[in-house]
Amino acid sequence: MHQKTPENLLAEAASINPVYVFLDFDGVTHPWGEAEDFRCLPLLESVLRAYPETRVVISSDWRTLFSLSKLAARFAEDIRPRVVDCSPTIFPRNPNELYGLREREARQWLERRAPDAQWLAIDDAPGNWPTRPRLVLTDFKQGFTEEDAGRLRRMLDAFRAGEFQEV
């Protein structure tokens, strides 16, 4: 029987195409406007553990304030190696450029780093991500919940099966 050791999971992940998770913090890892205690992160990490092909790219505004190593330090020790980067920051020239800004940043990152990779986003602001089928939209008052975890699992299962639909 194949035992799920960390080494086996890494070997399994190496044989599966990575899925990049563009992750917001406020309103996802903790409710927006409350203590920045990352109380919802353990639930998100539990999903990521079941999908060793996932890689986290920080898309939160926190990326403009803290280094990648400081941001990655928020994650459990076993997940930290999968926090691979921060998305680039695009500065809008006018208010019309705000809609879909995070997705444009993510697509720019993908173009440069992993052009053919699968991706999804976890965010509490729908206006950041016009490609809704790739968005796990959280409630900013609650952060990442069991319901969000179920949606994330379904998306990741669809990526694994090659059945993800953009519709």
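About the criteria used
- Residues numbered from 1 in each chain as written.
- Predicted model: local features only at pLDDT ≥ 70, side-chain atom pairs only at ≥ 80, totals over all residues.
- Heavy atoms only, no water.
- Helix = DSSP H or I, 4+ residues; strand = E, 2+ residues; numbered from the N terminus.
- Rg over C-alpha atoms; globule rule 2.2 N^0.38 Å.
- Buried < 20%, exposed > 50% of the residue type's maximum accessible area, 1.4 Å probe, protein only.
- Salt bridge = Lys/Arg side-chain N within 4 Å of Asp/Glu carboxyl O.
- Axes fitted to C-alpha atoms, helices over the stretch in contact; angles between N-to-C directions.
- Parallel < 35°, antiparallel > 145°, perpendicular 65-115°, else oblique.
- Left-handed = near helix turned anticlockwise from the far one by under 90°.
- Contact = heavy atoms within 4.5 Å.
- Nonpolar A, V, L, I, M, F, W, Y, C, P; charged D, E, K, R; others polar.

Across its full length, the protein chain carries five helices and five strands. If you list the helices and strands of the protein chain from N to C, you get α-β-α-β-α-β-α-β-β-α. Here the C-alpha atoms of the protein chain give a radius of gyration of 15 Å, agreeing with the 15 Å that 2.2 N^0.38 yields for 167 residues. With the principal axes as the frame, the protein chain shows a C-alpha extent of 55 × 35 × 30 Å. Burial status across the protein chain gives 46% buried among its 167 residues.

Let us look at the pattern of salt bridges. Scanning all chains against the criterion turns up 11 salt bridges. Here Arg39 ties to Asp37 by a salt bridge, and the two come within 3.0 Å at their closest N and O atoms. Exposure remark for Asp37: the relative accessible area of 40% places this residue in the partly exposed category. A salt bridge links Arg63 to Glu105; the nearest nitrogen and oxygen atoms lie 2.7 Å apart. Taken together, the residues Arg63 in the loop between β2 (54-58) and α3 (68-72) and Glu105 in helix α4 (residues 101-113) connect sequence positions 42 residues apart.

Before going further, it helps to examine unusual backbone geometry. Positive phi, close to 55 degrees, is recorded for Phe38, a residue that is not glycine. Take Phe38: it is sitting in the loop between β1 (19-23) and α2 (41-49). Overall, Phe38 belongs to the buried group, its relative accessible area being 6%.

A few words on the packing of α2 against helix α5 (residues 146-161). Where α2 contacts α5, the two axes come as close as 10 Å, and the packing angle between them is 20 degrees. Judged by the inter-axis angle, α2 sits roughly parallel to α5. Here the hand of the crossing between α2 and α5 comes out right-handed. Packed against α2, whose contacting residues are Leu43, Leu44, Ser46 and Val47, the element α5 presents Glu146, Ala149, Leu152, Arg153 and Leu156 at the interface. Residue composition of the contact of α2 with α5, grouped by class: six nonpolar, one polar and two charged.

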